Protein chains: 2
Amino acid sequence: MAERETDRSVSQTVRAQLALRDLVLSGRLRPGERISELQAVEITGVSRTPVRMALVRLEEEGLLEAIPSGGFMVKAFSERDILDSIELRGTLEGLAARFAAERGVSSRDLEPLKQCLDEIDGLVRQDPISVEAFSSYVALNARFHALLTELSRSSPLVRQIDRASALPFASPSGFVMAQSALPEARQILLIAQDHHRVVVDAIENREGARAEAIMREHARLAARNLRLALRNRTRLDLLPALALVTSG
Amino acid sequence: MAERETDRSVSQTVRAQLALRDLVLSGRLRPGERISELQAVEITGVSRTPVRMALVRLEEEGLLEAIPSGGFMVKAFSERDILDSIELRGTLEGLAARFAAERGVSSRDLEPLKQCLDEIDGLVRQDPISVEAFSSYVALNARFHALLTELSRSSPLVRQIDRASALPFASPSGFVMAQSALPEARQILLIAQDHHRVVVDAIENREGARAEAIMREHARLAARNLRLALRNRTRLDLLPALALVTSG
DNA sequence: TAGCCATATTATGTATACAGTCAGTATCTA
DNA sequence: TAGATACTGACTGTATACATAATATGGCTA
């Protein structure tokens, strides 16, 4: 099938949103830089209306910031902002785990999580872990976190967690690929996987406080990875989102 | 100055947003009901473009839900959703209080909070509390919570708390006016005010865990008020947002 | 030479026209 | 009579034209 100039299967708004998001995350637009609608029109090839929608959505997502006099600019983040976003996500996931534990979940609901964990076990068994395995881990890890969030059976909470994880550096798998370049990589993944096992165990035994605490600590693993990666200064190309960090 | 047909000082988008929000919260649109753009154009008197923007913003706010095939409908909430939203807000405010305690705040920063608390003390001293005093309490309470959130000095967290408090039934003052009809009204306000004092004391003494715990419990006061109000079935007109609750 | 004002350009906010798609309804056939 | 199909209507997605406001630049004055 020939690739068309415009793929009609997705809306112009979505296409513009994807293109502009890539542009921002790639760092080709500096933090604080104004992004004009006409400029965005030239880049994306769609008209002003969907471009406008895309800009509004990216602001909601947290990547852009509204300028008081009108328009949008690329948002700047401090290292502190990133660490806080991670702690925030961990707190919300902790609440989800506590809800799941307190309200109880059937073994039927836990099955997909356990299957997910078994698959991760298969990945981290190899030593050293290949880059492909890291990629698979990212996908499985995202799946595990999504399933866990769903176990809370609380749509307001699920919604808020999705928003808190929208920023790439705040997402559960945000710094996994950065780990791949670290010598401690496998060790970190083993610890993370242990957290996964513990939280499922806590939920099964309806230990709300324990489930909440372990998810908070689990998120802090991402903070440790970030600091490690920044200190080593290696393979920062694996973390495109870091282009948004000022005075990093 | 004569009131013009269209006030040019605010944008058409904001005007449409305000009008549509009132329409939804007043319950004149049933939960699940589709709200078409042309219908919204007739109601608000502005053209489709700002109406569209307003609808997107209201979806982001949580009042509307996107229909997969396009357009928006009024969102429906269960009583569980409301209770979860309150617990969620309390969890985030707890995190903010913990950040404030752990990171430390100057007595200069605490002064406006203490002044706010003194003013509230003046209100709850009267017995019984007048309706006007309840209105003043709502404003002062909102101010206290905003100041407390700011103490975290974490813009990602402030942003998230603002979003979590956007829904009227999740906001810190969401059910205060409903209390005014209850015989236990004054007692509840005295307890809430004690919570306020405790959290400030905890932050001053850098007791992070205590600050976090008391803010969580403080939010649960709103949940208790909601249940009381629903049980008594009196003065539900004070809670317009309850029009969105299904099978309440 | 530095600062201010005026002007011109470019930005966004808004309205509207057009096209494509989805849904609902009515009719026809089995 | 029930189900399926075709048609009609309405709604949203998109593009563009117009007006207003903000900004930048250049010239003038102190």
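Just so it is clear, the structure is predicted and the values come from calculations on it, not from any experiment. Numbers given for residues are sequential positions, taken from 1 along each chain in its written order. Numbering of ligands from 1 and lettering of chains from A proceed in the order in which they are written. For this predicted model, a pLDDT threshold of at least 70 governs which residues receive local features, and a threshold of 80 or more governs which side-chain atom pairs are given and counted, while totals over whole chains, interfaces and linings are taken from all residues. Excluded from the side-chain calculations are hydrogens and water; all other atoms, namely the structure's heavy atoms, are used.

S.K.: Could you give an account of the pattern of salt bridges, with specific residues and numbers?
M.R.: Residue and element names in this part refer to chain A. Any Lys or Arg side-chain nitrogen located within 4 Å of an Asp or Glu carboxyl oxygen qualifies as a salt bridge. Taken as a whole and judged by the stated rule, the model has 38 salt bridges over all chains. R220 is the salt-bridge partner of E217, the closest N and O atoms lying 2.8 Å from each other. Taken together, the residues E217 and R220, both in helix α10 (residues 208-232) and three residues apart, mark about one turn of the helix. The rule is simple: take the accessible area with a 1.4 Å probe, protein chains only, and divide by the maximum for that residue type; under 20% is buried, over 50% is exposed, in between is partly exposed. Classification of E217 by relative accessible area gives partly exposed; the value is 36%. Numbering of helices and strands starts at the N terminus; helices are DSSP runs of H or I of at least 4 residues and strands are runs of E of at least 2.

S.K.: Tell me about the relation of the copies chain A and chain B, residues and numbers included.
M.R.: Residues below a pLDDT of 70 in either copy are left out; the C-alpha atoms of the rest, at least 70 in both, set the least-squares superposition of the copies. For the pair chain A and chain B, the relating rotation is 180 degrees, the translation along its axis is 0.1 Å, and the fit reaches an RMSD of 0.1 Å. In the structure described here, the two chain copies are related by an operation that fits a two-fold rotation axis. Residue contacts are defined here by distance: any two heavy atoms, one from each residue, within 4.5 Å place the two residues in contact. Mapped onto chain B, 100% of the interface residues of chain A are again interface residues, and the two copies thus contact each other with one and the same surface.

S.K.: Break down the packing of aromatic side chains for me, citing the residues and quoting the values.
M.R.: Working definition: an aromatic ring pair is given by the centre-to-centre distance plus the angle between the planes. Residues and elements named next belong to chain A. A pair of Phe, Tyr and Trp rings is counted when the ring centres sit within 6.5 Å of each other, with Trp represented by its six-membered ring. The angle between the planes then sorts it: under 30 degrees is stacked, over 60 is edge-to-face, the rest tilted. Taken as a whole, this structure holds two aromatic pairs over all chains when the rule is applied. Ring geometry for F77 and F169: centres 4.9 Å apart, planes at 70 degrees, overall edge-to-face. Separated by 92 residues along the polypeptide, F77 in the loop between β3 (72-74) and α4 (79-103) and F169 in the loop between α7 (155-164) and α8 (176-179) bring together distant segments of the chain. Taking NZ or CZ as reference, R103 lies 3.9 Å from the ring centre of F99, over its face. Put simply, a charge is over a ring when the Lys NZ or the Arg CZ is close to the ring centre, within 6 Å, and near the line of the ring normal, within 35 degrees.

S.K.: Describe in detail the protein's contact with DNA strand C, supporting the description with residues and values.
M.R.: Taken together, 17 residues are adjacent to DNA strand C, and R52 of chain A together with Q12, T13, S47 and T49 of chain B come closest. The sugar-phosphate share of atoms of DNA strand C within 4 Å of the protein amounts to 59%. Within the side chain of T13 of chain B, a nitrogen or oxygen atom sits 2.9 Å from a phosphate oxygen of DNA strand C. S47 of chain B places a polar side-chain atom, nitrogen or oxygen, 2.8 Å from a phosphate oxygen of DNA strand C. Every element with two or more residues in the surface near DNA strand C is listed here: β1 (34-35), α2 (37-44) and α3 (48-61) of chain A together with α1 (12-25) and α3 (48-61) of chain B. It suffices for a single heavy atom of a residue to lie within 4 Å of a molecule or strand for the residue to be listed as near it. The definition of a polar contact used here is a pair of N or O atoms within 3.5 Å, where within protein one atom must be able to donate a hydrogen and the other to accept one, and adjacent residues in sequence count solely through side-chain atom pairs.

S.K.: I'd like a rundown of the interface of chain A and chain B, residues and numbers included.
M.R.: Where interface size is quoted, it is often the accessible area lost as the parts come together. Contacts between chain A and chain B engage 32 residues on the former and 32 residues on the latter. If you look at where chain A meets chain B, you find eight salt bridges. Between R103 of chain B and D84 of chain A there is a salt bridge, with the nearest N and O atoms lying 2.7 Å from each other. Where chain A touches chain B, the interface holds 19 residue pairs in polar contact (both at pLDDT 80 or more). Listing elements by their share of the side of chain A that touches chain B, those giving two or more residues are α3, α4, α7 and α10 of chain A. Take the side of chain A that touches chain B: its biggest share by element is twelve residues, from α4 of chain A. Taken together, the residues of the side of chain A that touches chain B break down into nine nonpolar, six polar and 17 charged. Three categories are distinguished: nonpolar for Ala, Val, Leu, Ile, Met, Phe, Trp, Tyr, Cys and Pro, charged for Asp, Glu, Lys and Arg, and polar for the others, with Gly belonging to the last.

By themselves, these figures tell us nothing about what the structure is for.
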